[in-house]
Amino acid sequence: MPKVLAAPPPESALHPISGNAGFPVIGHSLEYFRDPMGLLQSRWERYGPVSWLSMAGKRWVTVLGPDGCQTVLQNKDRAFVNSDGWSVLIGPFFHRGLMLLDGDEHLAHRRIMQQAFTRDRLSRYTEALHPAIDKGLDAWQPTPGFAAYPALKELTLDLATSIFMGGAEGSTPQEMAEINKAFIDCVQAATSVVRYPLPGTRWKRGIDGRTRLEEFFRRYLPTRRAGAGDDLFSALCHIESEEGQRFSDDDVVNHMIFLLMAAHDTSTITLSTMMQYLGQHPDWRERCRRQSAALGTSTPTYGQLDELTDLDLVMKECLRLVPPVPVVARRAVEDTEVLGHYIPRGTYMSVVVHFTHHMPEYWPDPERFDPERFSPERREDKVHRFAWEPFGGGVHKCLGMHFAGAEIKAVMHHLLQRFDWQVSPGYVAPLNYTSLPFPSDGQPVDLYHRVG
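Residues numbered from 1 in each chain as written. Predicted model: local features only at pLDDT ≥ 70, side-chain atom pairs only at ≥ 80, totals over all residues. Heavy atoms only, no water.

(A) Structural detail: unusual backbone geometry. Even without being glycine, Asn75 reaches a positive phi, approximately 50°. Looking at the element boundaries, Asn75 is found in the loop between helix H3 (66-74) and strand E5 (80-81). Even without a glycine there, the phi angle at Arg379 is positive, about 45°. Along the chain, the position of Arg379 falls in the loop between helix H15 (353-356) and helix H16 (401-418). (Helix = DSSP H or I, 4+ residues; strand = E, 2+ residues; numbered from the N terminus.)

Put into structure tokens, the structure is as follows:
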């Protein structure tokens, strides 16, 4: 029997929120990990756009569909905060990152950090990307069944350390593998059932990973403070807002840990998805390759990347099909309402971007790969302001979205010029949703050096 989360005040015309807890202790966690869309669709059909369930040891109100997502993310009455929502999931591992700040403090930090993402800086980051991409791809050994996902993850971490840190001088490949593992452990700890640092648990590995990352970044902090580098790490050490505000050492380390996680994890997921679908749709692969070749350069500028319009369509469609951050967390700090439902203060909220991206009400034949959805003639993403929201919305919309787009298109430009690849038309990626989605089989592609 469905249960009501909390009864509205007697004088209220709001509806209570129905739902159920699922299994003892684990709630609906295993159902979500195995088939998130199946779980969410069943709740949409049973309860509608607003319901509650249990996951990660908490009761969460789940918001499905663009209307509810817009209400929570725009947060016009300031009833929802990021910090308390995300903190219960990733607070111990990414605390004080920009996504976990709110109000005036978030605005102050965002204003400072925006100076590191101006168009001029993005142009310089793009220029520095190309030699780093070339170096990374030199190590790829094309073969049938090439595991694209781990190769891309290694590449994007190298790009993040190169562009965001100015390199990691003195580190060894073994240490960088440890840093990559530390990021993975921190991200995967978010969905731990056991949320205490017991040996052998994901939570303990996340705590240890955070410690390792802090040691790593603090080792490089003095040289970045003293230098005048053009990387993001150096920029965070020196930039200031128009009011003269600057980051402390702790601020810089906290932001770097969060930014490097966001920069390489989310880009890896999107690049992996693009390689899959371009491998399954050679017509689109050749369209994108022709546009890349038409630039006449192996090192396009930030502005020239805007000319890769077909690649942009593919990227947007892949962000729709597999949003790198499928669920956004919030918490109510005062009594409020969503779509006529009573939300009591203290409620944990999960805003499910992934579900909206697959709703046939907004996306005809939503499981079909169709980049033309985003063409000027169709623009299916404009049917609702929040129909397509891979970068979130409101004041917390992703600050690095333009860098992410440039990085992804730059990597794909190099891949298209160097390689051919194929993926079986019937292949379906076995996505693991224990954290951010990733293909548990490594995303195999038949990769070949391009001839001619």
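(B) Representation of the sheet that holds strand E14 (residues 444-449). The strand order across the open sheet built from three strands is E6-E14-E11, with neighbouring strands paired in antiparallel fashion. Each edge of the open sheet carries a strand with a single partner, namely strand E6 (146-147) and strand E11 (419-422). Bridge count for E6 against E14 is two bridges, and the pairing is antiparallel. Bridge pairing links Phe146 to Val445 in E14. (Pairing = 2+ DSSP bridges.)

(C) Seen up close, the environment of Gly229. Tracing the backbone shows Gly229 in the loop between helix H9 (202-226) and helix H10 (232-238). Taking the C-alpha atoms as reference points, Gly229 and Gly393, 164 residues apart in sequence, are found 32 Å from one another.

(D) Main features of the environment of Arg195. By the secondary structure assignment, Arg195 is in the loop between helix H8 (173-188) and H9. Separated by 106 residues in sequence, Arg195 and Leu89 place their C-alpha atoms 9.3 Å apart. Leaving out residues up to four positions away in the same chain, Arg195 has contacts with Ala56, Val88, Leu89, Ala189, Ala190 and Trp203. Among the polar contacts listed, one links the side chain of Arg195 to the backbone oxygen of Val88, at a separation of 2.5 Å. (Contact = heavy atoms within 4.5 Å. Polar contact = N/O pair within 3.5 Å; in protein donor to acceptor, adjacent residues only side chain to side chain.)

(E) A look at the confidence of the model for the protein. Residues of the protein with pLDDT of at least 70 account for 99%, and the chain-wide mean is 91. Taken element by element, the predicted model of the protein shows its lowest mean pLDDT in strand E1 (residues 3-4) (80) and its highest in helix H14 (residues 309-321) (98). (pLDDT = per-residue confidence, 0-100.)

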